[in-house]
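# A structural walkthrough
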Amino acid sequence: MAKDILSTPKSFYKEFFRKPDADKTNTHYCPGCGHGVIHKLLAEAIEDFGIADRTIIISPVGCSVFAYYYFDTGNVQVAHGRAPAVATGLKRANPNSIVISYQGDGDLAAIGGNNILQAANRGENITVIFVNNAIYGMTGGQMAPTTLIGQKTTTTPYGRAAANEGYPIRICELLSALSGPVYLARGAITDPATIMKTRLAIRKAIKAQMDYKGFSLVEILSPCPSGWRMTPVEAKKWVKEQMVKIFPLGTFKDETKEREPIAYEKREYTKEEIKQALGLDKEAPHFSHSMDDVKPIWRNPKIKISGFGGQGVLLLGNTLAEAGMEQGYHVSWIPSYGPEMRGGTANCHVQISTSEIASPVVDHPSILVAMNLPSLDRFEDDVVPGGLIIYNTSLVTRAPKRTDIESIPIPATDIADKLGSLKVANMVVLGAIIEKTGIVTEEAAISALNTVVKHKKFIPLNIEAIKSGREYVRNL
Amino acid sequence: MPTKGYMEVDPNHCKGCGLCIEACPEDCIEFSSEINRLGYHPARYKGEGCIGCGFCFYTCPEPNAITVYKKGKEVA
């Protein structure tokens with residue numbers, strides 16, 4: 001404490017301009033809230049280290065969701081419990097930044113439990129300020145993973161019972177079992193001496209990050225007078241007398257001296273490299289096409305393609321969408337499949353449209369491709385009147401019952417088998433779609449294959465299958 | 001009592017939690033009888049006794065409420 005005057009740390013905004021209400025100089029926290037003190041300690045450390053212009057503070061979900069009102073640093077507010085993941089991204093994108101994840105116990109120890117575990121285990125060079133108030137404060141005082149045995153909360157009105165809700169999770173102890181973290185400490189904000197120890201722990205944790213030493217976390221036992229239904233003074237006493245018994249204070253791990261700094265590979269990417277990575281370096285292919293040449297019912301088609309997983313249902317949809325895009329249309333493609341890679345059912349929804357697509361979901365297709373019988377059974381009734389059903393007679397043992405639709409029976413699997421691979425049945429069907437409807441041209445489809453098929457050696461067989469499908473339909 | 005330091009509370013930034021009063025080793029902070037714009041009785045310096053330890057500053061949750069002058073301050 002070298003300063004002669006202790007006043008508002010400079011890394012707080014002078015005016016909290018992001019705060020929507022008229023009061024721009026007070027916090028939104030309740031009287032006696034621990035967050036205010038912890039904010040102050042953090043802001044002071046950032047100011048003293050002179051790192052405000054390269055610090056990013058991550059606001060969690062919880063009362064401190066609005067931490068970005070206060071800190072004059074970079075700010076990101078993230079989804080519940082995901083701060084360590086976002087912090088990882090921020091840090092890796094710019095290793096020179098100081099990334100501080102500010103999280104509460106509901107956020108960090110409950111919904112984000114695995115996030116913090118994995119980030120700590122990776123030894124990500126970030127600092128986590130973990131505010132433990134043994135409760136879900138913002139939502140009205142529900143039980144948190146850190147709630148003490150016997151502690152009454154709105155969801156444990158008779159007190160937390162170990163038999164029913166388990167035991168309070170000790171995060172510092174838990175993480176200290178991992179090799180990744182370099183600094184783990186637990187402090188509290190009770191009496192001035194403890195506050196000063198916590199102040200030092202915060203500085204040590206940030207310093208570890210500044211020195212590229214790796215993952216640091218400071219857990220801070222913090223009062224929630226409103227949630228605990230206590231006065232601020234009673235709440236502080238409760239931290240000291242009850243919480244500290246379960247969550248002992250101290251340093252749980254400190255390898256800041258022994259640990260070698262993390263060596264970051266410095267890489268600058270040129271504009272060209274980024275374009276290349278995104279596939280924007282080549283001029284996009286374009287094929288002229290007019291929807292006017294397509295029969296009205298199939299114009300701007302809504303397509304559903306369904307079959308067994310492994311029949312290439314998704315790839316067929318992807319190729320159609322890509323071809324549509326290369327013809328200059330708006331397209332959408334969404335897959336829908338079960339957990340099985342092969343053998344389960346899979347379907348995808350494809351739209352190709354001259355106007356913007358509001359929703360990619362296709363409930364009532366104008367074109368249905370049924371690669372197997374369950375697909376026809378399931379989706380036949382959904383096809384719009386006048387629509388088209390293309391069904392794979394190699395596997396579909398019945399014709400559609402509907403009389404108000406058009407249908408094309410095609411033994412796609414048999415045709416593919418004759419070509420040498422069962423797997424190109426999907427492309428036989430693509431040929432059938434091209435021949436029957438003209439929604440995409442063969443040229444666009446072949447060009448699209450070059451984008452969607454990973455192994456280029458399979459492209460000639462796929463093209464052959466498209467041609468066979470066209471020929472089959474032409475001769476029907 | 002010798003006065004080494006000086007502290008002041010901005011009455012409009014104090015939420016009356018009383019933590020500074022609790023923390024002050026010299027017992028030189030008290031609640032004001034006035035009600036501030038937030039509806040609380042703010043803390044205030046009794047006017048003497050401050051040793052400039054800064055305990056009140058570090059226990060205060062509001063960023064703009066307390067200023068401590070460790071070496072004292074000329075008071076008009």
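Here we summarise the structure given alongside this text. (Residues numbered from 1 in each chain as written. Chains lettered and ligands numbered in written order. Predicted model: local features only at pLDDT ≥ 70, side-chain atom pairs only at ≥ 80, totals over all residues. Heavy atoms only, no water.)

### Section: the sheet that holds strand β9 (residues 302-308) of chain A
Residue and element names in this part refer to chain A. Worth spelling out the cut-off: A pair of strands is labelled paired if DSSP reports no fewer than 2 bridges between them. Helical segments are the DSSP runs of H or I of at least four residues, strand segments are the runs of E of at least two, and each set is numbered from the N terminus. Throughout, an axis means a line fitted to C-alpha atoms (over the contacting stretch in the case of helices), and angles, computed between N-to-C directions, take values from 0 to 180 degrees.
Pairing within the open sheet is mixed, and its 6 strands lie in the order β10-β11-β9-β12-β13-β14. Here the strands that pair on one side only, and so sit at the sheet edges, are β10 (330-337) and β14 (406-410). The average angle at which neighbouring strand axes cross in this sheet is 10°, direction not considered. Examined bridge by bridge, strand β13 (residues 388-392) and β14 share 5 bridges and lie parallel to one another.

### Notes on empty space enclosed by the protein
Residue and element names in this part refer to chain B. This is how it is decided: Method remark: on a 1 Å grid restricted to protein atoms, a set of points is classed as a cavity if a 1.4 Å probe fits but cannot get out and as a pocket if it is open with protein on both sides within 12 Å along at least five of seven lines; lining residues have an atom within 4 Å of a point. Grid points are joined across faces, edges and corners, and a volume is the space filled by probe spheres set on the points. Amino acids outside the nonpolar list (Ala, Val, Leu, Ile, Met, Phe, Trp, Tyr, Cys, Pro) and the charged list (Asp, Glu, Lys, Arg) are all regarded as polar, and Gly is one of them.
Scanning all chains against the criterion turns up 2 cavities of 30 Å³ or more. Here the largest cavity defines a volume of roughly 120 Å³. If you trace the largest cavity, you find 17 residues lining it, with Cys14, Lys15, Cys17, Cys60 and Pro61 closest to the centre. Class assignment for the residues of the lining of the largest cavity results in 11 nonpolar, 4 polar and 2 charged. Lining the second largest cavity are 13 residues; nearest its centre among them are Cys24, Cys28, Cys50, Cys53 and Cys56. Classifying every residue of the lining of the second largest cavity gives 10 nonpolar, 2 polar and 1 charged.

### Points about the nonpolar core
Cut-off, in case you're wondering: Grouping buried Ala, Val, Leu, Ile, Met, Phe, Trp, Tyr and Cys residues that are joined through side-chain atoms within 4.5 Å yields what is termed a nonpolar core. Partly exposed describes any residue whose relative accessible area lies between the buried limit of under 20% and the exposed limit of over 50%, with all areas from a 1.4 Å probe on protein chains only and scaled to the type maximum. In this description, contact between two residues means that some pair of their heavy atoms is separated by no more than 4.5 Å.
With 57 residues, the main nonpolar core has Leu42, Ile129, Ile202 and Ile206 of chain A together with Met7 and Ile66 of chain B as its most contacted residues. Among the elements that take part in this core, helix α7 (residues 192-210) of chain A stands out by supplying 8 residues, more than any other. Among residues more than four places away in sequence, those in contact with Ile66 of chain B are Leu6 and Ser7 of chain A together with Met7, Glu8, Val9, Cys20, Cys56, Phe57 and Cys60 of chain B. Membership of the second largest hydrophobic core comes to 47 residues, among which are Ile305, Leu320, Ala432 and Val473 of chain A.

### Here's the deal with the pattern of salt bridges
Residues and elements named next belong to chain A. To be explicit about the condition: The term salt bridge refers to a pairing of a side-chain nitrogen on Lys or Arg with a carboxyl oxygen on Asp or Glu at a separation within 4 Å.
For the coordinates displayed, the defined rule picks out 29 salt bridges over all chains. Asp21 is the salt-bridge partner of Lys19, the closest N and O atoms lying 3.5 Å from each other. Judged by its relative accessible area of 4%, Lys19 is buried. Between Arg402 and Asp404 there is a salt bridge; the shortest N-O distance is 2.7 Å. We classify Arg402 as buried; its relative accessible area is 19%. The structure contains a network of salt bridges with shared partners spanning Lys3, Glu44, Asp48, Arg199 and Arg203.

### Re the packing of helix α13 (residues 412-419) of chain A against helix α14 (residues 425-437) of chain A
Residues and elements named next belong to chain A. Formally: When the near helix sits turned anticlockwise from the far one by under a right angle, the crossing is termed left-handed; a clockwise turn instead gives a right-handed crossing.
Closest axis-to-axis distance for the α13/α14 pair is 8 Å, and the angle between their directions is 115°. Considering only the axes of α13 and α14, their crossing is right-handed. Taking contact as the criterion, the partners of Ala412, Thr413, Ile415 and Ala416 in α13 are, on α14, Ala425, Val428 and Val429. Split into classes, the residues belonging to the contact of α13 with α14 amount to 6 nonpolar, 1 polar and no charged.

### A few points about the sheet that holds strand β4 (residues 66-69) of chain B
Sheet architecture is open: 3 strands sit in the order β1(A)-β4(B)-β1(B), paired in antiparallel fashion. Looking along the sheet, the strands with just one partner apiece sit at the ends: β1 (5-6) of chain A together with β1 (6-9) of chain B. Sheet topology note: the β1 of chain A/β4 of chain B ladder contains 2 bridges and is antiparallel. Residue pairing for β4 of chain B: Leu6 of chain A is matched across the bridge by Val68 of chain B.

### Digging into the layout of surface pockets
Residue and element names in this part refer to chain A. There is about 420 Å³ of room inside the second largest pocket. Lining the second largest pocket are 30 residues, and of these Gly62, Cys63, Asn133, Gly137 and Met138 sit closest to its centre. Sorting the residues of the lining of the second largest pocket by element identifies α1 (34-49), α3 (105-111) and α8 (225-228) as the ones contributing at least two each. A class-by-class count of the residues in the lining of the second largest pocket yields 13 nonpolar, 14 polar and 3 charged.

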